[in-house]
Amino acid sequence: MMADHDKILRLLKTARGQLDGIIRMVDEDRYCIDISTQVMATEALLKRANREILSAHLEHCVKDAANASEREQKIDEFVDTLGRILK
């Protein structure tokens with residue numbers, strides 16, 4: 001993976017911490033809207049991490065492909081992934 005390893009790990013670990021907090025909130029039977037707000041914040045972190053990873057894919061994996069065929073394959077993978085995101 002060519003993305004900024006430290007940045008990705010920081011985002012994912014923060015999201016994991018938020019998930020642990022959300023689980024505690026559910027266990028404590030906290031207010032639904034408060035839980036939902038925290039879920040959305042966690043989703044936003046995961047989206048940021050994914051954006052960084054996909055950006056690195058374009059900047060490095062696609063750009064550095066050995067030949068046109070490999071580049072086309074990597075672009076197709078990216079488009080498929082983007083399609084799943086936009087579902």
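Described below are features of the structure shown in this document. (Residues numbered from 1 in each chain as written. Predicted model: local features only at pLDDT ≥ 70, side-chain atom pairs only at ≥ 80, totals over all residues. Heavy atoms only, no water.)

## Some thoughts on the packing of helix 1 (residues 5-27) against helix 2 (residues 32-62)
Moving on, step 1. Contact geometry for helix 1 and helix 2: axes closest at 9 Å, N-to-C directions at 165°. In terms of orientation, helix 1 and helix 2 fall into the roughly antiparallel class. Judged by the twist between their axes, the crossing of helix 1 over helix 2 is left-handed. Between helix 1, through Lys7, Ile8, Leu11, Leu12, Thr14, Ala15, Gln18, Leu19, Ile22, Met25 and Val26, and helix 2, the contact on the second element is made entirely by Asp34, Ile35, Gln38, Val39, Ala41, Thr42, Leu45, Leu46, Arg48, Ala49, Glu52 and Ile53.
Moving on, step 2. Per-class residue counts for the contact of helix 1 with helix 2 are 15 nonpolar, four polar and four charged. (Axes fitted to C-alpha atoms, helices over the stretch in contact; angles between N-to-C directions. Helix = DSSP H or I, 4+ residues; strand = E, 2+ residues; numbered from the N terminus. Parallel < 35°, antiparallel > 145°, perpendicular 65-115°, else oblique. Left-handed = near helix turned anticlockwise from the far one by under 90°. Contact = heavy atoms within 4.5 Å. Nonpolar A, V, L, I, M, F, W, Y, C, P; charged D, E, K, R; others polar.)

## Considering a negative patch on the surface
Moving on, step 1. On the surface, a cluster of negative charge is made up of Glu72, Asp76, Glu77 and Asp80.
Moving on, step 2. You can see glutamate 72 is positioned in helix 3 (residues 68-86).
Moving on, step 3. By relative accessible area, glutamate 72 is classed as partly exposed at 44%. (Patch = residues over 30% accessible without salt bridge, like charges linked within 9 Å, V, L, I, M, F, W, Y side chains within 5 Å. Areas by Shrake-Rupley, 256 points an atom, 1.4 Å probe, with all protein chains shown as cover. Salt bridge = Lys/Arg side-chain N within 4 Å of Asp/Glu carboxyl O. Lys, Arg positive; Asp, Glu negative; His and termini not counted. Charge placed at Lys NZ, Arg CZ, Asp CG, Glu CD. Buried < 20%, exposed > 50% of the residue type's maximum accessible area, 1.4 Å probe, protein only.)

## Section: a positive patch on the surface
Moving on, step 1. On the surface, a cluster of positive charge is made up of Arg10, Lys47, Arg48 and Arg51.
Moving on, step 2. With three residues, helix 2 is the single largest residue contributor to the positive patch.
Moving on, step 3. Relative to the helices and strands, lysine 47 resides in helix 2.

## Notes on the pattern of salt bridges
Moving on, step 1. The tally for this structure, following the rule as stated, stands at three salt bridges.
Moving on, step 2. Among the ionic pairs, glutamate 28 bridges to arginine 30, the shortest N-O distance being 3.5 Å.
Moving on, step 3. A residue is classified by how much of its surface remains accessible, and arginine 30, at 39% relative accessible area, is partly exposed.
Moving on, step 4. Across the salt bridge formed by glutamate 59 and lysine 63, the nearest N and O atoms sit 3.2 Å from each other.
Moving on, step 5. Given the relative accessible area of 42%, glutamate 59 is considered partly exposed.

## Things to note about helix 1
Moving on, step 1. Between the first and last C-alpha of helix 1 there are 33 Å, a value that for 23 residues agrees with the 33 Å anticipated at 1.5 Å per step.
Moving on, step 2. For helix 1, the complete set of buried residues consists of Ile8, Leu11, Ala15, Gly21, Ile22 and Met25.
Moving on, step 3. Against helix 2 lie the buried residues of helix 1.
Moving on, step 4. Residue aspartate 4 occupies the N-cap position of helix 1, its side-chain oxygen lying 3.2 Å from the main-chain nitrogen of aspartate 6.
Moving on, step 5. Of the residues one or two after helix 1, aspartate 29 is the one with positive phi, at around 55°. (Expected span 1.5 Å × (residues − 1). Polar contact = N/O pair within 3.5 Å; in protein donor to acceptor, adjacent residues only side chain to side chain.)

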